[in-house]
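In case you want the letters, here they are:
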Amino acid sequence: MEVKAEKSLKLNQEPAVIWKCMIDPSFMVKSVPGAELTEQIDERNFKGKISVKIGPVTTNFNGEAEFTKLEEADYELTMEGKGLDTSGKGGANMTMNIKLSTLEDGGTEMQSSMSLSITGRLAQFGARMIVDPDTGLVGTVGGGCGEAEVIEAAYRVIETGKAQRVNVDLTDDLVSWSPAVCGGVMDIFVEPVSPERS
């Protein structure tokens with residue numbers, strides 16, 4: 001399973017202040033739910049562990065990460081990491097790119113992109129998508145009309161806090177007119193997920 005995400009946000013502090021935080025693994029790990037820094041080998045290399053929960057499955061990973069690019073003059077970094085499921089039945093690889101730019105008001109715009117590839121138990125649970133009202137979508141369950149129904153249901157689940165099963169029927173003539181729609185019926189389970197539960 002591969003997940004890609006992009007995010008842009010504006011911060012009040014100047015880039016030099018944000019940069020010092022970003023290159024400090026002990027600070028960065030606090031912003032990742034379920035993550036823990038276990039060892040800092042040197043300025044560029046460190047070890048850690050993370051607990052990841054998707055749907056009914058929680059998997060724990062032990063891994064290593066490295067800053068493969070640190071360009072302070074341009075405020076650009078790349079971090080690459082890899083880890084193994086503690087049960088020995090899977091693994092994960094991650095690449096994250098971050099670029100800081102100075103805003104006219106002295107603040108900072110942070111642009112980030114991440115690619116995460118997971119094998120093992122978590123990768124066996126079909127298509128997944130995370131709907132976050134603040135940051136957007138991660139993953140997909142097929143796109144088009146069917147995905148729109150799932151996103152709409154996800155917002156209801158976020159509002160009520162109650163899980164919901166969504167039956168998406170793509171056999172109707174109105175939705176199957178496009179060659180991109182393969183037809184069929186999907187049963188999707190939509191549940192609320194919070195970092196505190198990980």
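Residues numbered from 1 in each chain as written. Predicted model: local features only at pLDDT ≥ 70, side-chain atom pairs only at ≥ 80, totals over all residues. Heavy atoms only, no water.

What follows deals with the environment of Trp19. Tracing the backbone through its elements, the reader meets Trp19 in helix α1 (residues 15-22). For Trp19, a relative accessible area of 2% corresponds to the buried category. Expressed as a C-alpha distance, the spacing of Trp19 and Leu77, which sit 58 residues apart in the sequence, is 9.3 Å. For Trp19, the contacting residues outside a window of four places in its chain are Leu70, Glu71, Glu72, Tyr75, Glu76, Leu77 and Leu100. (Helix = DSSP H or I, 4+ residues; strand = E, 2+ residues; numbered from the N terminus. Buried < 20%, exposed > 50% of the residue type's maximum accessible area, 1.4 Å probe, protein only. Contact = heavy atoms within 4.5 Å.)

Notably, Tyr75 is not glycine yet its phi reads approximately 50°, a positive angle. Along the polypeptide, Tyr75 turns up in the loop between β4 (57-71) and β5 (76-85).

Glancing now at the side chain of Thr78. Relative to the elements of secondary structure, Thr78 occurs in strand β5. Judged by its relative accessible area of 11%, Thr78 falls in the buried class. A distance of 2.7 Å separates polar atoms of two side chains, one belonging to Thr78 and the other to Asn97. Those residues within four positions of Thr78 in sequence are excluded, and the remaining contacts are Glu66, Phe67, Thr68, Lys69, Thr95, Met96 and Asn97. (Polar contact = N/O pair within 3.5 Å; in protein donor to acceptor, adjacent residues only side chain to side chain.)

Turning next to the packing of aromatic side chains. Throughout the structure, instances matching the rule amount to 2 aromatic pairs. Seen from their ring centres, Phe46 and Phe67 are 5.6 Å apart, and the 55° between their planes marks the pair as tilted. Residue Phe46 is located in strand β3 (residues 45-54), and its partner Phe67 is located in strand β4; the two are separated by 21 residues in the primary sequence. Owing to a relative accessible area of 11%, Phe46 belongs among the buried residues under this scheme. (Phe/Tyr/Trp six-rings, centres within 6.5 Å; stacked < 30°, edge-to-face > 60°.)

Mapped onto the elements of the fold, Thr108 is located in strand β7 (residues 108-119). Of the polar contacts made by the side chain of Thr108, one reaches the backbone oxygen of Gln13; its length is 2.6 Å. Beyond its immediate sequence surroundings of up to four residues, Thr108 is in contact with Leu9, Lys10, Leu11, Gln13, Glu14, Pro15, Ile18, Leu100, Ser101 and Leu103.

For the structure shown, the criterion picks out 2 salt bridges. Notably, a salt bridge pairs Glu76 with Lys69, separated by 3.1 Å at the nearest N-O pair. For Glu76, a relative accessible area of 24% translates into the label partly exposed. Arg156 is the salt-bridge partner of Glu152, the closest N and O atoms lying 3.5 Å from each other. Of the two residues, Glu152 and Arg156 are both situated in helix α3 (residues 144-160); the distance of 4 residues between them amounts to about one turn of the helix. (Salt bridge = Lys/Arg side-chain N within 4 Å of Asp/Glu carboxyl O.)

Taken by themselves, the reported measurements are silent on function.
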